[in-house]
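Chain by chain, the residues:
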Amino acid sequence: MFHQLLTPVGGSLGLSFLVALLPIATVLVLLGILKRSAWQAAFAGLVVAFLIAVSIWGMPVQMALAAACNGAVFALWPVMWIVINALFLYNIAVASGRFDAFRDWVIAHLPNDRRVILVVVGFCFGALLEGIAGFGAPVAITASLLILVGFSALDALVFVLIFNTTPVAFGALGTPVTVLAAVTGLPAAALAAMIGRQLPLMAMILPFYVMALYGGWRSVRNLWPVLLVAGVSFGAAQFIASNYLDYTLTDVLAALGSLIATVLFLQVWRPAETAEFPIVRSPLDTPKSALPPVAAWQGWIPWLLVSATVILWSSFKVATKWQISVPWPGLDKAIAITLYHDKPYAAVWAFQPLGTGTAIFLAALITALVVRLPAAELVRCMARTVQQIWLAVVTVMLVVALAYVMNYSGLAYTLGLAVASSGKAFILFSPFLGWMAVFLSGSDTSGNALFGNLQVVAARQLNLNPLLFAATNSSGGVLGKMISPQNIATGVCVTNLKGQEGAVLARTFVHSIVLTLVLVVIVIVQQYVVPGIIPAFPAIK
């Protein structure tokens with residue numbers, strides 16, 4: 001059995017931390033500074049991680065290869081299977097004219113103001129898609145809709161990526177919270193309640209923050225009522241659902257609540273007309289629909305069908321039917337996690353042929369039938385999806401392979417231990433631990449599995465509240481989502497920015513840091529000023 005090393009560089013935790021950072025630094029420099037494409041940055045980061053894991057951390061070559069392959073396969077199924085089918089649904093909507101119809105509905109029922117469209121589509125509608133699909137698909141779909149009303153591709157992607165944060169912790173029907181409870185031993189309901197007392201505050205800030213970026217402070221002053229309604233309705237619904245209802249439904253309820261409240265509010269309140277941000281009907285790079293125009297309300301058909309399908313699919317636990325658990329050869333329980341008292345590191349790939357991606361695929365086929373899309377056009381939609389997504393699939397496979405090599409070799413645990421050993425300064429670094437995990441993996445679920453328990457162990461050693469810091473790992477993680485190469489690569493696949501992922505990262509990186517620092521302030525206040533806001537839970541021995 002391979003026992004992970006924590007301080008292999010001269011027995012120094014500080015030096016080992018710096019060396020373990022090199023794969024992450026490689027990706028950030030190549031992507032954000034040198035503006036290389038995401039797949040090139042991810043490949044280089046994987047090579048650096050592999051060499052360090054084998055030569056310095058002492059991981060056997062066969063295990064390092066097995067870890068990379070395990071990560072790549074997991075990225076392909078279930079992660080990219082979900083994204084592929086979400087984009088397939090999107091292409092069906094475009095080919096059938098329902099995407100144009102959705103734009104027509106938005107234009108007919110909302111003010112002639114791109115700033116308002118940004119809030120309703122980027123924030124409210126994007127949150128609904130995150131609850132259904134996630135893994136970057138909401139970014140691609142909502143960015144495409146924003147491009148249709150006059151946004152540049154870069155602006156659309158940047159703003160949608162920033163918005164695609166607060167819903168993430170409860171995405172996929174609360175899976176990140178469920179996993180966090182499993183690895184920490186803390187009650188899922190209490191963790192959900194705590195996360196639901198952090199992220200609603202961020203949700204209330206986000207519409208104002210993004211509007212200041214897009215339209216300046218004058219736009220914030222002009223639009224503050226609708227920004228307040230969107231943020232407060234989402235945050236309030238997120239708080240109520242996570243604390244008093246069912247945390248697995250938090251995303252869907254919060255997104256629907258915010259979308260309905262904001263659209264209804266705009267029927268009785270309109271911002272002053274301005275010639276500066278008018279809606280411009282811009283074409284997409286995809287072929288136009290060959291079918292005759294349809295009524296605007298039909299633009300909702302694809303999204304209502306996929307929402308209903310995924311919710312029913314999850315409610316009846318269809319995804320677990322015929323599941324096959326595959327212990328990864330040469331890796332499963334062949335590694336001891338030194339940081340966790342030599343706990344055997346499991347490596348089991350859960351193959352779910354009826355997973356969420358399959359539910360979205362079924363919804364896409366149902367949509368094609370309902371809108372009477374010709375079979376030949378359906379085949380063209382499939383081909384178009386493959387053409388759009390193949391490079392993003394390769395990129396995500398490389399990124400997740402990199403994350404798995406860092407996890408199984410022990411590099412990630414060295415990073416976590418260094419942060420956890422920072423003493424009282426840990427409260428400043430704790431959100432960035434989750435942030436770093438999600439940057440690497442692209443998934444809040446994976447970030448919680450990696451560092452959730454470490455946050456609890458460190459908090460108890462420092463006499464801090466373990467529930468607060470377990471939740472902070474998830475809340476910090478969602479703010480790393482906007483700079484995740486996985487998320488960015490998926491977002492650009494339907495735009496003209498393929499290969500320019502670095503330009504997107506350069507725009508989102510500083511906002512990711514700023515918003516994570518805001519979370520740091522929230523955590524400090526909750527720990528030291530209003531500790532009563534932290535839910536009580538039974539002590540776990």
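Residues numbered from 1 in each chain as written. Predicted model: local features only at pLDDT ≥ 70, side-chain atom pairs only at ≥ 80, totals over all residues. Heavy atoms only, no water.

## So, the sheet that holds strand β3 (residues 335-337)
- Taken together, three strands build an open sheet; the order of strands is β1-β3-β4 and the sheet is mixed. The sheet terminates laterally at β1 (2-3) and β4 (343-344), the two strands that pair on one side only.
- Note: β3 against β4, two bridges, orientation antiparallel. Its bridge partner being in β4, A336 is matched across the sheet by P344. (Pairing = 2+ DSSP bridges. Helix = DSSP H or I, 4+ residues; strand = E, 2+ residues; numbered from the N terminus.)

## Description of unusual backbone geometry
- Here the bond from W77 into P78 is cis, since omega is 25 degrees, no more than 30 degrees from zero.
- Examined against the element boundaries, P78 turns out to sit in helix α4 (residues 61-95).
- In this model, K35 sits at a positive phi of 60 degrees, which is unusual for a non-glycine residue.
- As for its position among the elements, K35 is in the loop between α2 (22-33) and α3 (38-55).
- One non-glycine residue, R372, lies in the positive phi region at around 60 degrees.
- Within the fold, R372 resides in the loop between α14 (356-370) and α15 (375-409).
- For R372, a relative accessible area of 73% gives the class exposed. (Buried < 20%, exposed > 50% of the residue type's maximum accessible area, 1.4 Å probe, protein only.)

## Some words on the packing of helix α1 (residues 13-20) against helix α16 (residues 411-420)
- Axis separation between α1 and α16 bottoms out at 9 Å; the angle between their running directions is 130 degrees. Between α1 and α16, the angle falls in the class oblique. α1 and α16 meet at a crossing whose hand is left-handed. Residues L13, S16, F17 and A20 of α1 form the contact with α16, whose participating residues are L411, T414, L415, L417, A418 and V419. (Axes fitted to C-alpha atoms, helices over the stretch in contact; angles between N-to-C directions. Parallel < 35°, antiparallel > 145°, perpendicular 65-115°, else oblique. Left-handed = near helix turned anticlockwise from the far one by under 90°. Contact = heavy atoms within 4.5 Å.)

## A few points about α4
- In this model, α4 (35 residues) spans 47 Å end to end at C-alpha, consistent with the 51 Å of a helix rising 1.5 Å per residue.
- The buried fraction of α4 amounts to 25 of the 35 residues, a majority that puts the element mostly inside the structure.
- At the C-terminal side of α4, G97 shows a positive phi close to 85 degrees. (Expected span 1.5 Å × (residues − 1).)

## Some remarks on a nonpolar patch on the surface
- On the surface, W39, F43, V47, L51, V386, W390 and V394 cluster together into a nonpolar patch covering about 660 Å² of accessible area.
- Looking at the nonpolar patch, the elements with two or more residues in it are α3 and α15.
- Per element, the largest residue contribution to the nonpolar patch is four residues, and it comes from α3.
- Residue classification places V47 among the partly exposed positions, given a relative accessible area of 34%. (Patch = residues over 30% accessible without salt bridge, like charges linked within 9 Å, V, L, I, M, F, W, Y side chains within 5 Å. Areas by Shrake-Rupley, 256 points an atom, 1.4 Å probe, with all protein chains shown as cover. Salt bridge = Lys/Arg side-chain N within 4 Å of Asp/Glu carboxyl O.)

## Notes on the confidence of the model for the chain
- Per-residue confidence for the chain averages 91 on the pLDDT scale, and 98% of its residues sit at or above 70.
- Between the elements of the chain, mean pLDDT differs from a low of 82, seen in helix α9 (residues 171-184), to a high of 97, seen in β1. (pLDDT = per-residue confidence, 0-100.)

## Examining helix α12 (residues 250-268)
- For α12, which comprises 19 residues, the first-to-last C-alpha distance of 27 Å matches the rise-based estimate of 27 Å (1.5 Å per residue) to within 8%.
- Taken as a whole, α12 has its buried residues at T250, D251, V252, A254, A255, S258, L259, T262, V263 and L266.

## What about empty space enclosed by the protein?
- In the structure shown here, the tally under the stated rule is four cavities of 30 Å³ or more.
- Estimated volume of the largest cavity: approximately 70 Å³.
- In terms of lining, the largest cavity is formed by A86, L89, L129, I132, A133, A137, P138, I141, W303, V306 and I360.
- Where the lining of the largest cavity is concerned, the elements lending two or more residues are α4, α6 (114-132), α7 (137-148) and α13 (301-315).
- Considering every element that reaches the lining of the largest cavity, the biggest residue donor is α7, with three residues.
- When its residues are assigned to classes, the lining of the largest cavity shows eleven nonpolar, no polar and no charged.
- Size it by volume and the second largest cavity reaches roughly 60 Å³.
- Every residue lining the second largest cavity is listed: Q388, L391, A392, T395, A489, V492, C493, K498, G499 and E501.
- Of all the secondary structure elements, the ones that give two or more residues to the lining of the second largest cavity are α15 and α20 (485-492).
- Broken down by element, the lining of the second largest cavity gets its largest block of residues, four residues, from α15. (1 Å grid on protein atoms, 1.4 Å probe; cavity = no way out; pocket = protein on both sides within 12 Å on 5 of 7 lines; lining within 4 Å. Points joined across faces, edges and corners; volume = space filled by probe spheres on them. Nonpolar A, V, L, I, M, F, W, Y, C, P; charged D, E, K, R; others polar.)

## Comments concerning the nonpolar core
- Judged by nonpolar contacts, the single largest core of 203 residues is most densely connected at M59, F99, L118, W303, M406 and Y408.
- In contact with M59, other than residues within four places in its own chain, are F2, A53, V54, A64, A67, I335, Y408 and S409. (Core = buried A, V, L, I, M, F, W, Y, C linked by side-chain atoms within 4.5 Å.)

## Notes on the packing of aromatic side chains
- In the structure shown here, the tally under the stated rule is 28 aromatic pairs.
- For the ring pair Y214 and F277, a centre distance of 5.4 Å and an interplane angle of 55 degrees mean the geometry is tilted. Taken as a pair, Y214 in helix α11 (residues 199-244) and F277 in the loop between α12 and α13 lie far apart in primary sequence, 63 residues in all.
- Owing to a relative accessible area of 16%, Y214 belongs among the buried residues under this scheme.
- Relative to Y244, the ring of F239 lies with its centre 5.8 Å away and its plane at 80 degrees, an arrangement referred to as edge-to-face. (Phe/Tyr/Trp six-rings, centres within 6.5 Å; stacked < 30°, edge-to-face > 60°.)

## Here we look at the side chain of S512
- Position of S512 relative to the elements: it lies in helix α21 (residues 501-529).
- Not counting chain neighbours up to four residues away, the residues in contact with S512 comprise W435, L479, G480, M482 and I483.

## Focus: the packing of α6 against α13
- Closest axis-to-axis distance for the α6/α13 pair is 10 Å, and the angle between their directions is 35 degrees. Crossing of α6 over α13 shows left-handed handedness. Taken together, the residues of α13 that come into contact with α6 (itself represented by F125, L128, L129 and I132) are W303, V306, S307 and V310.
- Split by residue class, the contact of α6 with α13 holds seven nonpolar, one polar and no charged.

## Considering the environment of P225
- Within the fold, P225 resides in helix α11.
- Put simply, P225 and L46 are 179 residues apart on the chain and 47 Å apart in space, counted from C-alpha to C-alpha.
- Residue contacts for P225: discarding those within four places in its chain leaves F265 and W269.

## Comments concerning the pattern of salt bridges
- All chains considered together, the criterion is met by six salt bridges.
- Residue R218 is joined to E276 by a salt bridge in which the shortest nitrogen-to-oxygen separation is 2.6 Å. Placement of the pair is R218 in helix α11 and E276 in the loop between α12 and α13, with a sequence separation of 58 residues.
- Its relative accessible area of 44% is what places E276 among the partly exposed residues.
- Between R380 and E377 there is a salt bridge, with the nearest N and O atoms lying 3.0 Å from each other. Placement of the pair is R380 and E377 together in helix α15, with a separation of three residues, close to one helical turn.
- What makes R380 partly exposed here is its relative accessible area of 45%.
- On the accessibility criterion, E377 (13% relative accessible area) is buried.

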